[in-house]
Amino acid sequence: MSARNPGTGKDEAGAEPARGRSSLSRRGLLRGAGWLGAVAALFGGGTALARQAVDTAAVSDSVADLFQKHYKKMSREEMQEAIARIERRAKRDFDVAIHVGNEPPLENVVFGYAISLSRCKGTRRCVEACMAENNTSRDSQIQYIRVLELDHGETNLTNADPYYDGENVPRKGKWYIPIQCQQCENPPCVKACPVQATWKEPDGITVIDYNWCIGCRYCQAACPYWARHFNWNDPKLPADEVNVDTHYLGNRPRRRGVMEKCTFCIQRTRKGRQPACLEACPTGARIFGNLLDPNSDIRYVLENKTVYRLKEDLGTEPKFWYFAD
Amino acid sequence: MQRMDGGRRPLSRYLAALPVALPLMLAVAFAAVPLLAADKPPTQSPEEAESVLKQIMAKRFVVRGVTARGQTLSQAPPFKVVPRIPSLTKYPCTNCHDNSFVDSRVRVLKEEHTDLVFEHGGGRFWCYDACHNGKDMDHLVSLRGTPIDYNQAYILCGQCHFQQAEDFAFGGHGRRAGAWPAPRDVPPTAEHLLVKERGKIAHWKGERVLLSCPACHNAHAPAIRPFQASPVPEVRSGLKRAPGEPEGAGPFSEWEAFSGGKKR
Amino acid sequence: MGAIFRFFWDALRTIFRGGPLYWLWLLVLIALVAIGALHYREQWEHGLIVTGMSDQVSWGAYIANFTFLVGVAAAAVMLVIPAYIFDRNDVREVVLIGEGVAVAAVVMCMLFVTVDLGHPERFWHLLPYIGVFNFPQSMLAWDVVVLTGYLFLNLSIPFYILFTRYRGREPDLRIYYPGVLISIAWAISIHTVTAFLFSSNVSRPFWDTAVLAPRFLASAFTSGPALIVLALQVIDRFTAFKVRDEVIAFLAIVVTVALQVNLFLLGVEFFTEFYFASEHTAYARFLFFGLAGHRALVPWIWTAIAFNLIAVSILSVHPLRRRRTLLNAACALTVVGVWVEKGVGLIIPGFTPTPLGEVFDYVPTRVEILVSIGIWAFGFLVFTLLAKVAIPIETGAVTHALDDAERRKAAQAGRVTA
């Protein structure tokens, strides 16, 4: 092709290009047909494969899930339908009848948590209890609580060891600190989420709508406490280990591709019960209660013990304190 | 020397001794009376003791209050304690013990209570010195001699361990009754945890039901023993942790070098 | 409207018209895209567990490539500014190529983010009113806005220009000049917003630095024009579109200065991280020297720095920069060096050690690598097709100027004709 002047469109010889009548050459037609055929073949093969494993109820549930609204925007009926779908799916996946509650936050309650570092002996019972309570994936071992072992005199977390093998804990010369979601008053994860799939409830718990999360993991990058965990695959949970008392925003079964984290056992605490980690702690190192109640255990600890919070300089205002007594 | 009156002592001589002897006898009499009366000291009934104590305590100047808000122990939020007696296998003690016979010798027990390990107090006290009530074996006894029920052992422990007692009363120490067992009720291994016992789950709201001290601390050897920790956390399925090397030396290494300790 | 349909029809015909080399190139790209798509299907089936990402290092190859490509997309502004602000007509001739690169880069960015999502089908959650859009709080929401806007700008303005040229007329500057001005500011903003995406995280001290946005822009304006220099020479060699030497020389200077600024900012970071070793510098120590026995990234970053230093040495010396082979080598080194520095050398150290002090190695898996290659191939495909359509229109080979009958009809209707 001779070079044409971009300005006038004429070539060196001064000729203008042929005025185009759109005509298809045979070659072009054949080529086009060939491409179309290839695409159609791929598509047809794909749908044929998909048709092999189809369960109508599951499909209609999946479609309804796809169009489910944000938790805060659902009407009462939509919420009940969403819960029914979750219960049906649990029946299909685990052959277990679960109950998904949706208890609202209690009035005049803001939860707070404290751990005594003198009494924590690194037994990791809290981790075990949390997994049993919250239906976390056993396969990818999602653990909301991380217990770190440090040398006495060491507070630098880079020198902490979460993988200590506790033949007999506490090991000599070590101290232990369990870290889970700090339920910040000023949570960076809530700010980061592009679809507001995570937010802070009036009782202070930062929750996730697992059906709204798109799985971008920006909140995981934003969290300074490594508290948020991602379902990299479908959670593997043996049917006999399923905890059937669940909450929509808490421990009801999740699917892959969404974030999850400690919710202060929202399915328990909104009914007045202690979180599972606290109940399981053999040394009574954990204290939990209502920060707005002046007679609560947590208020006593905050007022009478020397408490501190992790990474306080970041301004996240955690509702999780540590002390030694 | 020769006597002038022929051998008889005159009465005036004895009368002359009286000013000396009489005060002496009176002094001895006055001294003897309190000594003879020393067998019976003043007594006080327990109720009288309590009421006088209450009055004195009410008027005392509190240097350090129990809580930052100035509450005392009696102002702690109300709580109930789970009875401990049902867990005591050898209760009632009077099945064997006779409340009038007390053998308070320091010795190794060879006939009964042979599995008892005593590791409490570092030798500062023995069975009947601080806790057990020789005169009423079905109760414990306070340092002031008042009997304490076995279900309220926390009152006994709180005499020495007053900081823990205060924390216990206000909620900063101890455990509430719940489904997961206290350390003394199960062997310290990685037990499968009881999710199913829904009725026994502990509550933060409502009535406070606490476990008494011996539920977690063996009164004769209270220090909590080392546990077998639950398993090491795993990494994401499909990945493996690559072992690294320890980063640098520990926190005391520079000072240990001076004291001849090992540099890690 | 018939003209628009004819425009697209002619464009389609142009795409299918090419020599054997063109078809071979397309075939290679399509094969790579197909391989990538197959592996993405594996990821779709099993979830993101097929990647090497973990809770410890939760962003990897996908976001690394995304970060680099946002920079390349922004680099089109380095052609737009001289063309329209400084009235360099020689650069104006190649502006459309630059915008084609921008479109391809933005498309690649969007694809990389899509394959990184746990639930791509829930993208509609991002739409305002229908979904819940956390704007202006979330920096990721900002990123969605600026990238979509940038794509729109870089599709609409070139479309207008090409369409009017296709009709045999000159595009009216009054219509699209405001768009040009907006796109200049917008290009700077897409990469600043992407930098803010990282630097807004107080939890990640490695990213939480004010100098991150300037570093991003400097590295973008060196790697993007370097890629454009290489692309223009390919176009010059294989198509009828001739690129003037002055344009290449100008872009080479842009690459040079931006690379010098980039290396200066790297030096600034180096000083700040290593003058006084605090815990906040553990990340930089991991990247440059290894931490607790984990040294996986050390050879990568030092190679990248070496590439950049060699490139800047060549480019800073005029006689060397003017030699085409050396210039091309320097540009290639720059692209690779910045890709490593911005991808591997930014994302992974941000996560290592974790906020709880754990050092965990990240290694991309086969699936991740092949999907990434597939997306890169798709980007090249997009650029090839856009250039394939644009170049004949620019050179005038493909046009649909009005014929006499249509001209009369238009005159009667009062419309302006060619």
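All of these numbers come straight from a predicted model, not from anything done at the bench. (Residues numbered from 1 in each chain as written. Chains lettered and ligands numbered in written order. Predicted model: local features only at pLDDT ≥ 70, side-chain atom pairs only at ≥ 80, totals over all residues. Heavy atoms only, no water.)

S.K.: How would you sum up the overall build of chain A? Please name residues and give values.
M.R.: Within chain A one finds nine helices and 12 strands. The buried share of chain A, reckoned over its 325 residues, is 57%. The long-range share in chain A, meaning contacts at least 24 apart out of those at least 6 apart in sequence, stands at 65%. (Helix = DSSP H or I, 4+ residues; strand = E, 2+ residues; numbered from the N terminus. Buried < 20%, exposed > 50% of the residue type's maximum accessible area, 1.4 Å probe, protein only. Contact = heavy atoms within 4.5 Å.)

S.K.: Break down the overall build of chain B for me, citing the residues and quoting the values.
M.R.: Counting secondary structure elements, chain B contains seven helices and four strands. Across the 264 residues that make up chain B, the buried fraction comes to 25%. Taking the intrachain contacts of chain B between residues at least 6 apart in sequence as the baseline, contacts between residues at least 24 apart amount to 64%. On chain B, roughly 19200 Å² of surface is accessible, and the fraction owed to carbon and sulfur atoms is 61%. (Areas by Shrake-Rupley, 256 points an atom, 1.4 Å probe, with all protein chains shown as cover.)

S.K.: I'd like a rundown of the interface of chain A and chain B, residues and numbers included.
M.R.: Chain A puts 63 residues into the contact, and the matching count from chain B is 52 residues. Of the roughly 4700 Å² buried where chain A meets chain B, counting both sides, 51% is carbon and sulfur surface. Considering only the side of chain A, the residues that lose the most area to chain B are Tyr163(A), Glu279(A) and Tyr300(A), jointly responsible for 16% of the buried surface there. Connecting chain A to chain B are three salt bridges. With a closest N to O distance of 2.9 Å, Arg176(B) and Asp297(A) form a salt bridge. Counting across the chain A and chain B interface gives 21 residue pairs in polar contact (both at pLDDT 80 or more). Among the secondary structure elements, those contributing two or more residues to the side of chain A that touches chain B are helix 4 (125–134), strand 3 (146–151), helix 7 (266–269), helix 8 (276–280), strand 10 (286–290) and helix 9 (297–304) of chain A. (Buried area = accessible area lost by both parts, 1.4 Å probe. Salt bridge = Lys/Arg side-chain N within 4 Å of Asp/Glu carboxyl O. Polar contact = N/O pair within 3.5 Å; in protein donor to acceptor, adjacent residues only side chain to side chain.)

S.K.: Hey, could you go over the interface of chain C and chain A for me, with residue numbers and the actual values?
M.R.: On the chain A side, the residues contacting the 70 residues of chain C number 62 residues. Across the interface of chain C and chain A, roughly 5600 Å² is buried in total on both sides, 56% from carbon and sulfur atoms. The interface formed by chain C and chain A contains two salt bridges. In this structure, Glu358(C) and Arg146(A) form a salt bridge, with 2.5 Å as the shortest nitrogen-oxygen distance. In this structure, the connection of chain C to chain A is made through 39 residue pairs in polar contact (both at pLDDT 80 or more). A breakdown of the residues in the side of chain C that touches chain A according to their chemical character gives 31 nonpolar, 23 polar and 16 charged. (Nonpolar A, V, L, I, M, F, W, Y, C, P; charged D, E, K, R; others polar.)

S.K.: Can you tell me about the packing of aromatic side chains, naming the residues and giving the values?
M.R.: Across all of its chains, the model carries 56 aromatic pairs over all chains by this definition. Between Tyr154(B) and Phe168(B), the aromatic rings sit 5.4 Å apart at their centres with planes inclined by 40°, giving tilted as the arrangement. Here Tyr154(B), found in helix 4 (residues 153–160), pairs with Phe168(B), found in helix 5 (residues 162–170); they are 14 residues apart in sequence, far enough to count as distant. With centroids separated by 5.5 Å and ring planes inclined at 70°, the aromatic side chains of Tyr22(C) and Trp23(C) adopt a geometry described as edge-to-face. Across this residue pair, the class does not change: Tyr22(C) and Trp23(C) are buried. An aromatic cluster is present here, built from Phe111(A), Tyr113(A), Phe264(A), Phe288(A), Tyr308(A), Phe320(A), Tyr322(A) and Trp204(B) joined pairwise through their rings. (Phe/Tyr/Trp six-rings, centres within 6.5 Å; stacked < 30°, edge-to-face > 60°.)

S.K.: Lay out the pattern of salt bridges in plain terms, naming residues and giving numbers.
M.R.: Under the counting rule described, the total for this entry stands at 44 salt bridges over all chains. Here Arg92(C) ties to Asp87(C) by a salt bridge, and the two come within 3.5 Å at their closest N and O atoms. One salt bridge in this structure joins Arg285(C) and Glu279(C), with 3.9 Å as the shortest N-O distance. When salt bridges with common partners are traced through the structure, they connect Arg119(A), Lys305(A), Asp325(A) and Asp167(B) into a single cluster.

S.K.: Please give an account of the environment of Glu166(B) that cites residues and values.
M.R.: Following the sequence through the fold, Glu166(B) ends up in helix 5. The sequence separation of Glu166(B) and Leu73(B) amounts to 93 residues, and the corresponding C-alpha distance is 6.3 Å. The residues contacting Glu166(B), other than those within four sequence positions of it, are Tyr300(A), Arg64(B), Val66(B) and Leu73(B).

S.K.: Just give me the short version of the packing of helix 2 (residues 56–66) of chain A against helix 3 (residues 76–94) of chain A, but keep the residues and values in it.
M.R.: Each packed pair of helices is defined by two parameters, the angle between the axes and the distance between the axes. Residues and elements named next belong to chain A. Where helix 2 contacts helix 3, the two axes come as close as 11 Å, and the packing angle between them is 140°. Accordingly, the angle class assigned to the pair helix 2 and helix 3 is oblique. As helix 2 packs across helix 3, the resulting crossing turns out to be left-handed. Taken together, the residues of helix 3 that come into contact with helix 2 (itself represented by Ala57, Ala58, Asp61, Ser62, Ala64 and Asp65) are Arg85, Arg88, Arg89 and Arg92. Of the residues in the contact of helix 2 with helix 3, the class split is three nonpolar, one polar and six charged. (Axes fitted to C-alpha atoms, helices over the stretch in contact; angles between N-to-C directions. Parallel < 35°, antiparallel > 145°, perpendicular 65-115°, else oblique. Left-handed = near helix turned anticlockwise from the far one by under 90°.)

S.K.: Give me the confidence of the model for chain B: which residues, what numbers.
M.R.: Of the residues in chain B, 78% reach a pLDDT of 70 or more, and the chain-wide mean stands at 80. For this predicted complex, the interface score ipTM comes out at 0.91, while the overall pTM is 0.86. (pLDDT = per-residue confidence, 0-100.)

S.K.: Account for helix 11 (residues 298–316) of chain C, with residues named and values stated.
M.R.: Side chains of residues three or four places apart in an α-helix project in the same direction, reflecting 3.6 residues per turn. Residues and elements named next belong to chain C. Taking 1.5 Å as the rise per residue, helix 11 with 19 residues should run 27 Å; its terminal C-alpha atoms sit 27 Å apart, in good agreement. Within helix 11, burial applies to Val298, Ile301, Ala304, Ile305, Asn308, Ala311, Val312, Ile314 and Leu315. In this structure, the buried residues of helix 11 make contact with helix 9 (245–274), helix 10 (282–288), helix 12 (318–321), helix 13 (324–342) and helix 14 (344–351). (Expected span 1.5 Å × (residues − 1).)

S.K.: A description of the sheet that holds strand 10 of chain A should follow, citing residues and the corresponding values.
M.R.: Pairing between the strands of a sheet is mediated by backbone hydrogen bonds and can be parallel or antiparallel. Residues and elements named next belong to chain A. Taking strand neighbours across the sheet as the criterion, the four strands line up as 10-2-12-11 in an open arrangement whose pairing is mixed. This sheet does not close on itself; its edge strands, each paired only once, are strand 10 and strand 11 (307–308). Across four bridges, strand 2 (residues 111–116) lies against strand 12 (residues 320–323) in parallel orientation. Looking across to strand 12, one finds that Ile115 is bridged to Tyr322. Along the sheet, helix 9 contacts strand 2, strand 10, strand 11 and strand 12; its crossing angle with strand 10, the most-contacted strand, is approximately 110°. (Pairing = 2+ DSSP bridges.)

S.K.: Mind laying out the pairing of strand 4 (residues 174–179) of chain A, listing which residues take part and the relevant values?
M.R.: Residues and elements named next belong to chain A. Burial of strand 4 is extensive: five of the six residues sit out of reach of the surface. In the sheet, strand 3 pairs with strand 4 via six bridges, with the strands oriented antiparallel. Looking across to strand 4, one finds that Leu150 is bridged to Trp175.

S.K.: Run through the packing of helix 3 (residues 61–74) of chain C against helix 5 (residues 89–116) of chain C, naming residues and quoting values.
M.R.: Residues and elements named next belong to chain C. Relative to each other, helix 3 and helix 5 sit at 160°, their axes nearing to 8 Å. In terms of axis orientation, helix 3 runs roughly antiparallel to helix 5. For the crossing formed where helix 3 meets helix 5, the hand is left-handed. Of the residues in helix 5, those in contact with Tyr62, Ile63, Asn65, Phe66, Leu69, Val70, Val72 and Ala73 of helix 3 are Val101, Ala102, Ala105, Val106, Met108, Cys109, Phe112, Val113, Val115 and Asp116. When its residues are assigned to classes, the contact of helix 3 with helix 5 shows 16 nonpolar, one polar and one charged.

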